[in-house]
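# Examining the three-dimensional arrangement
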Amino acid sequence: MKPNIIDNRKVTSETRIFKAVFPNTTNHYDTLFGGTAMQLMDETAFITATRFSRQRMVTVSSDRIDFKKPIPAGTIVELIGKVSSVGNTSLKVRVDIFTEEMYSEKREKSVSGEFTFVAIDENKKPTNIL
């Protein structure tokens, strides 16, 4: 893929998802379960990778996920997925979670991590990202 095509696809594949944090997704500290945050991040990363490649993509790894701030119940989270690098058959997606208070302008980065995806063909074998 030519560099300008890659750069263009990186921009157009950026994915933003908003969720409200309700009590049924929180732990005994009244903050979002870490596993729930990771699931939301993987889903956002998958959508980003698929929008970039328009191919079948599978998660092959998650790299260092940093939980910087707890995410309390009663807040809004925004997950932002961006393709950070592209190889022949794989790509990496960085996902950041920002927490917003519902009734103020306060917003801060709470979690960030990177996920690696591989493009697969109809036989579930790695294939070039077109």
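Residues numbered from 1 in each chain as written. Predicted model: local features only at pLDDT ≥ 70, side-chain atom pairs only at ≥ 80, totals over all residues. Heavy atoms only, no water.

## Digging into the overall build of the protein chain
Scanning the protein chain for helices and strands turns up two helices and five strands. When the helices and strands of the protein chain are placed in sequence order, the string is α-β-α-β-β-β-β. By residue count, 37% of the 130 residues in the protein chain fall in the buried class. Contacts spanning at least 24 positions in sequence make up 70% of the contacts within the protein chain whose residues lie at least 6 apart. For the protein chain, the accessible surface area stands at approximately 7,600 Å², while carbon and sulfur atoms represent 52% of it. Charge centroids of the protein chain, computed over 19 positive and 16 negative side chains, lie 5 Å from each other. (Helix = DSSP H or I, 4+ residues; strand = E, 2+ residues; numbered from the N terminus. Buried < 20%, exposed > 50% of the residue type's maximum accessible area, 1.4 Å probe, protein only. Contact = heavy atoms within 4.5 Å. Areas by Shrake-Rupley, 256 points an atom, 1.4 Å probe, with all protein chains shown as cover. Lys, Arg positive; Asp, Glu negative; His and termini not counted. Charge placed at Lys NZ, Arg CZ, Asp CG, Glu CD.)

## Some points on the environment of aspartate 66
By the secondary structure assignment, aspartate 66 is in strand β2 (residues 56–67). Sequence-wise, aspartate 66 and serine 112 are 46 residues apart; in three dimensions their C-alpha atoms are separated by 5.4 Å.

## A look at the nonpolar core
In terms of nonpolar packing, the biggest core is built from 24 residues, with Met41, Leu91, Val93, Ile97 and Phe117 touching the most fellow members. Elements supplying a minimum of two residues to this core: α2 (34–53), β2, β3 (75–86), β4 (90–101) and β5 (107–120). Take this core: its biggest share by element is six residues, from α2. Those residues in contact with methionine 41 that sit more than four places away from it in its chain are Ile65, Leu79, Val95, Ile97, Val111, Ser112, Gly113 and Phe115. (Core = buried A, V, L, I, M, F, W, Y, C linked by side-chain atoms within 4.5 Å.)

## Some remarks on unusual backbone geometry
Despite not being glycine, aspartate 30 has its phi angle at roughly 65°, a positive value. Relative to the elements of secondary structure, aspartate 30 occurs in the loop between β1 (15–20) and α2. Using a relative accessible area of 44% as the deciding quantity, one classes aspartate 30 as partly exposed. With a phi angle near 65°, lysine 124 is a residue other than glycine that sits in the positive phi range. With relative accessibility at 68%, the residue lysine 124 sits in the exposed group.

## Things to note about the pattern of salt bridges
Opposite charge on two side chains lets them pair, provided their charged atoms get close. Throughout the structure, instances matching the rule amount to nine salt bridges. Here aspartate 63 makes a salt bridge to lysine 92, at a shortest N to O gap of 2.8 Å. Placement of the pair is aspartate 63 in strand β2 and lysine 92 in strand β4, with a sequence separation of 29 residues. With a relative accessible area of 25%, aspartate 63 lands in the partly exposed category. (Salt bridge = Lys/Arg side-chain N within 4 Å of Asp/Glu carboxyl O.)

## Let's talk about the UniProt feature "domain: HotDog ACOT-type" (unreviewed entry) in the protein chain
According to UniProt, the positions carrying the feature "domain: HotDog ACOT-type" (unreviewed entry) are residues 11–123. Strand forms 50% of residues 11–123 and helix 20%; the C-alpha atoms that close the span are 30 Å apart. (UniProt positions renumbered as here; feature names shortened; annotations may be inferred.)

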